[in-house]
Protein chains: 2
Amino acid sequence: MDGKLDTNRVFTAEGAPNIALIKYWGKRDEKLILPQNSSISLTLSRDTLHTTTSVLVSSKLDEDRFYLDGEIQDLKDKDVAERFGIVGIMRKMAGIREKVLIVSRNDFPTASGMASSASGIATLVYVLNEAFGLGLSTRKLSIVARQGSGSACRSLFGGLVEWKRGAEPDGSDSYAEQVFDEKHWPELMDNIAIVSQEKKKVPSRAGMKQTVQSNPLYASRPAAAEKRLSELTEVYGKKDFESLAELIMADSNEMHALMLSTRPSIRYLNRSSYKVMDLIEGLNLSEGKNIAAYTFDAGPNAHIITLSKHNAKVMEALEQLKASGDVFDVRQSKIGQGPSMLGKDFSLIDDAALGPKAGN
Amino acid sequence: MDGKLDTNRVFTAEGAPNIALIKYWGKRDEKLILPQNSSISLTLSRDTLHTTTSVLVSSKLDEDRFYLDGEIQDLKDKDVAERFGIVGIMRKMAGIREKVLIVSRNDFPTASGMASSASGIATLVYVLNEAFGLGLSTRKLSIVARQGSGSACRSLFGGLVEWKRGAEPDGSDSYAEQVFDEKHWPELMDNIAIVSQEKKKVPSRAGMKQTVQSNPLYASRPAAAEKRLSELTEVYGKKDFESLAELIMADSNEMHALMLSTRPSIRYLNRSSYKVMDLIEGLNLSEGKNIAAYTFDAGPNAHIITLSKHNAKVMEALEQLKASGDVFDVRQSKIGQGPSMLGKDFSLIDDAALGPKAGN
């Protein structure tokens, strides 16, 4: 580095995770991350969970540097490199050669096991678009984000978001788009029940591949998911919660069933997850209608989708799982918006992040 | 009743349950109980678990009477009547009109939740064949037993037993037959881990129907099961335990995955069941090869198939689940034989069973 970095040229954005209602589990192209079926999700509110990412582009940097939650990341590590590849893609699009300094932080509950990659990559792609002066459409950005982590593409929009499967081999028609914005159904909400963690190594990427290649039950999955997605979009439009809840639970169970029946078996749900399922089914049964729906991504934490008018009942029911130690925290989230830029005066990049090599 | 019953004419037989290695879950004919796919099971040893059934046929009985585990059964109850229908079928075959007194007892561990219907019906069909003087072949008996409870047909033989799917609409080619007798692989054994019971009402018959009719993943099941059954028969013949274990676990998980993904969701496995799965997978991993395989029927109790030379390790591993209260008993079983007649001097029918209405 041959001089002082211009920290006035720092760009900072904020984004949020999403919770899939029709799940993505299975690729048709490993490299481009093209899915076997379309998926659909709700973007969560940044008030509840968010990633903040600052980027500095400078010719004075002699190499890319990436800090995540205060720790420098090894860009030679295979997992990190796969995700970080989107920086190279966007730099090439911008026709520039400058290196970047990225500082990213997830404001998620400690030890929550919340998947942060969707939020992180969507936010990174969003802020790089500004920092590189690319001016890409959000749809284009979703195509880039998809290549970092499939489900990340859905976090580029707010509300109910569909990631279209597409058909082209180059992935040009496999992008995300908003189906309904966050104002369409403001009563809808997500209670994220953080459950007791029984740490277990689950080989997610390899597992997904294994499901597609060798699980005989998988053959029916892509068509079943597409059909359920159409139905879900329709009932969401009509704000038919009874039907929405049924579709949400069916799809979550279908994905976890495919995981369970893959060899080696993939089991993200733990006993506390099953207790949440029992609880919600019991609650719906006693109410005589669906007032809540559980859904689980690739982890044990439960997302309980409900309507604000039913939330007191859901929270009351969850009390018994708090008492038993199965649920140790519940984070309530409204449906949120896509990423946005924060004020120029807000930056995660400080002297500590710049570190000795970046010092003046 | 117009006189004393001749209790010298009592026939008594004993039979055992079986544990399916390739599962039966889904009918193609509800009335005749014809399955969607062939299934295969090991008959357990009568030394470990057995049903004993005594039958008295007499013109002096004014109605059929059926005692199960000391309690008279209501033959007008739909569930009981469906199973008891086999008595009528066999009486018709024999061309007789006499009523029967049946006393049956399951010698299973208390509150074990072991499926007793397979053992009970196989034993009943077997003893009625003697009592009615029918002289039917075991294959024919398996066709009758099938109509009482599908999996019961497999308990009419010992060793490894296949229930052939068949193709005829009348079910005449959907019978059980022995593939290998119990002497083929004497080292093979089953440890039945009775787990802590979290009582839950699971609608099994209705659930099975619901899976076939509305679970999109089910489409691939019948062919997958048939393929796995052929593979299993081959590796069983070669005594290739490594491959056998893999197929056993795959099929158990596949059935429970189909249950999980059915709406409403059917979940027989409880947290203790999942702990057994984790334990066995961990054990196999640490051994660098499969030394045990778990399999679960429609209930939470684990059947752990292993070889006698590995049994000490399996039992040692299970100790930690005993300590945690997840497993409260383990019953060890060799592979057993089909039902057999007990001596004429052995009868469950006593004055108490005959009861006041049958008194002289």
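Residues numbered from 1 in each chain as written. Chains lettered and ligands numbered in written order. Predicted model: local features only at pLDDT ≥ 70, side-chain atom pairs only at ≥ 80, totals over all residues. Heavy atoms only, no water.

(A) Geometry of the overall build of chain A. The secondary structure content of chain A amounts to 9 helices and 16 strands. Relative to a compact globule of 360 residues, whose C-alpha radius of gyration would be 21 Å, chain A shows 21 Å and is just as compact. Across its three principal axes, chain A shows a C-alpha extent of roughly 70 × 45 × 40 Å. Here chain A holds 360 residues, and the buried ones make up 57% of them. Pairs at least 24 residues apart make up 77% of the contacts formed inside chain A by residues separated by at least 6 positions. Here chain A displays about 14600 Å² of accessible surface, and carbon together with sulfur accounts for 49% of that area. Seen as two clouds, the 46 positive and the 47 negative side-chain charges of chain A have centres 4 Å apart. (Helix = DSSP H or I, 4+ residues; strand = E, 2+ residues; numbered from the N terminus. Rg over C-alpha atoms; globule rule 2.2 N^0.38 Å. Buried < 20%, exposed > 50% of the residue type's maximum accessible area, 1.4 Å probe, protein only. Contact = heavy atoms within 4.5 Å. Areas by Shrake-Rupley, 256 points an atom, 1.4 Å probe, with all protein chains shown as cover. Lys, Arg positive; Asp, Glu negative; His and termini not counted. Charge placed at Lys NZ, Arg CZ, Asp CG, Glu CD.)

(B) Structural context of the packing of helix α1 (residues 78–94) of chain B against helix α2 (residues 117–131) of chain B. Residues and elements named next belong to chain B. Interhelical geometry of α1 versus α2 gives an angle of 15° and a closest axis separation of 11 Å. The angle between α1 and α2 falls in the class roughly parallel. As for the relative orientation of α1 and α2, their crossing is right-handed in sense. For the pair formed by α1 and α2, the contact residues are R83, I86, V87 and M90 on the first element and S117, I121, L124, V125, L128 and N129 on the second. Here the contact of α1 with α2 is built from residues that sort into 7 nonpolar, 2 polar and 1 charged. (Axes fitted to C-alpha atoms, helices over the stretch in contact; angles between N-to-C directions. Parallel < 35°, antiparallel > 145°, perpendicular 65-115°, else oblique. Left-handed = near helix turned anticlockwise from the far one by under 90°. Nonpolar A, V, L, I, M, F, W, Y, C, P; charged D, E, K, R; others polar.)

(C) Examining the relation of the copies chain A and chain B more closely. Overlaying chain A on chain B yields an RMSD of 0.0 Å, the required transformation being a rotation through 180° with an accompanying axial translation of 0.0 Å. Here the copies are linked by what is in effect a two-fold axis. Among all C-alpha atoms of chain A, that of A257 of chain A lies closest to the rotation axis, at 2.1 Å. (Least-squares fit on C-alpha atoms with pLDDT ≥ 70 in both.)

(D) Inspection of the interface of chain A and chain B at higher detail. Facing 28 residues of chain A, the contacting portion of chain B comprises 28 residues. For the pair chain A and chain B, the summed buried surface comes to about 2400 Å²; carbon and sulfur atoms form 56% of the total. Per-residue buried area on chain A facing chain B is highest for L217, R263 and R267 of chain A; these three make up 28% of the total on that side. Where chain A touches chain B, the interface holds 6 salt bridges. (Buried area = accessible area lost by both parts, 1.4 Å probe. Salt bridge = Lys/Arg side-chain N within 4 Å of Asp/Glu carboxyl O.)

(E) Focus on the environment of A152 of chain A. Residues and elements named next belong to chain A. Its place among the elements puts A152 in the loop between α3 (138–148) and β10 (160–163). In this structure, the C-alpha to C-alpha distance between A152 and W163, residues 11 residues apart in sequence, is 9.7 Å. Leave out the neighbours within four places in its chain, and A152 touches S117, A118, I121, A122 and A145.

(F) Looking closely at the domain arrangement of chain A. Residues and elements named next belong to chain A. Domain annotation of chain A identifies domain 1 (1–182 + 343–360) and domain 2 (187–334). Measuring from the centre of the C-alpha atoms in domain 1 to the corresponding centre in domain 2 gives 26 Å. Taken together, the contact pairs 36 residues of domain 1 with 42 residues of domain 2. In total, domain 1 and domain 2 occlude about 3300 Å² of area from one another, counting both sides; carbon and sulfur atoms represent 64% of this. In this assembly, domain 1 and domain 2 are joined by 1 salt bridge. When the shortest N-O distance is used, the salt bridge between K23 and D297 registers 2.8 Å. Contributing elements (two or more residues each) for the side of domain 1 that touches domain 2: β2 (18–22), β5 (39–43), α1 (78–94), β10 and β11 (176–180). Of the residues forming the side of domain 1 that touches domain 2, the biggest block, 5 residues, is contributed by β2. Residues belonging to the side of domain 1 that touches domain 2 are distributed by class as follows: 16 nonpolar, 12 polar and 8 charged. (Domains from an automatic or database assignment.)

(G) Quick peek at the nonpolar core. Ranked by internal contacts, the top residues of the largest apolar core, which has 110 residues, are L188 of chain A together with L188 of chain B. Apart from residues no more than four positions distant in its own chain, L188 of chain A is found in contact with L42, Y236, F241, L244, I305, T306, L307, K334 and I335 of chain A. Among the nonpolar cores identified, the runner-up in size contains 41 residues, and V57, V80, A176 and I266 of chain B belong to it. (Core = buried A, V, L, I, M, F, W, Y, C linked by side-chain atoms within 4.5 Å.)

(H) Representation of the pairing of strand β10 (residues 160–163) of chain B. Residues and elements named next belong to chain B. Taking every second residue as pointing to the same face, both faces of β10 are buried, with L160 and E162 on one and V161 and W163 on the other. Bridging between strand β5 (residues 39–43) and β10 involves 4 bridges; their strand directions are antiparallel. Across the sheet, the residue bridging to I40 is E162, located in β10. Across 4 bridges, β10 lies against strand β11 (residues 176–180) in antiparallel orientation. Bridge pairing in β11 links V161 to Q178. (Pairing = 2+ DSSP bridges.)

(I) Spotlight on the sheet that holds β11 of chain A. Residue and element names in this part refer to chain A. A sheet is described by the order of its strands in space; here 4 strands give the open sequence β2-β5-β10-β11, paired in antiparallel fashion. Across the chains shown, the open sheet's two edge strands, defined by having one partner strand only, are β2 and β11. Neighbour-to-neighbour, the strand axes of this sheet turn through a mean angle of 35°, independent of strand direction.

(J) Focus on the packing of helix α5 (residues 221–237) of chain A against helix α6 (residues 241–260) of chain A. Residue and element names in this part refer to chain A. Running from N to C, α5 and α6 point in directions that differ by 160°, and their axes come no closer than 9 Å. When the axes of α5 and α6 are compared, the pair comes out roughly antiparallel. As for how α5 packs across α6, the hand of that crossing is left-handed. Between α5, through R221, A224, R228, E231, L232, V235 and Y236, and α6, the contact on the second element is made entirely by S243, L244, L247, I248, A250, D251, E254 and L258.

(K) Quick peek at α6 of chain A. Helix length check: α6 of chain A (20 residues) gives 28 Å between terminal C-alpha atoms against 28 Å at 1.5 Å per residue, within 8%. With 17 of its 20 residues buried, α6 of chain A lies for the most part within the structure. (Expected span 1.5 Å × (residues − 1).)

(L) Structural view of the side chain of K27 of chain B. Residues and elements named next belong to chain B. Within the fold, K27 resides in strand β3 (residues 27–29). The buried charged residue K27 lacks any salt bridge partner; its closest oppositely charged side chain belongs to E30, at an N-O distance of 4.4 Å. Ignoring any residue separated from it by four or fewer positions in sequence, one finds K27 in contact with I33, L34, P35, Q36, M208 and V212.

(M) Spotlight on the side chain of H50 of chain B. All names here are of chain B. Relative to the assigned elements, H50 resides in strand β6 (residues 50–58). At a separation of 2.9 Å, a polar atom in the side chain of H50 contacts the main-chain carbonyl oxygen of R46. Not counting residues within four places of it along the chain, the set of residues in contact with H50 comprises E14, G15, R105, N106, D107, F108 and S119. (Polar contact = N/O pair within 3.5 Å; in protein donor to acceptor, adjacent residues only side chain to side chain.)

(N) Structural view of the sheet that holds strand β2 (residues 18–22) of chain B. All names here are of chain B. Sheet architecture is open: 4 strands sit in the order β2-β5-β10-β11, paired in antiparallel fashion. Bordering the open sheet on either side are β2 and β11, each of which pairs with just one other strand. Mean inter-strand twist for the sheet, computed between neighbouring axes without regard to direction, equals 35°.

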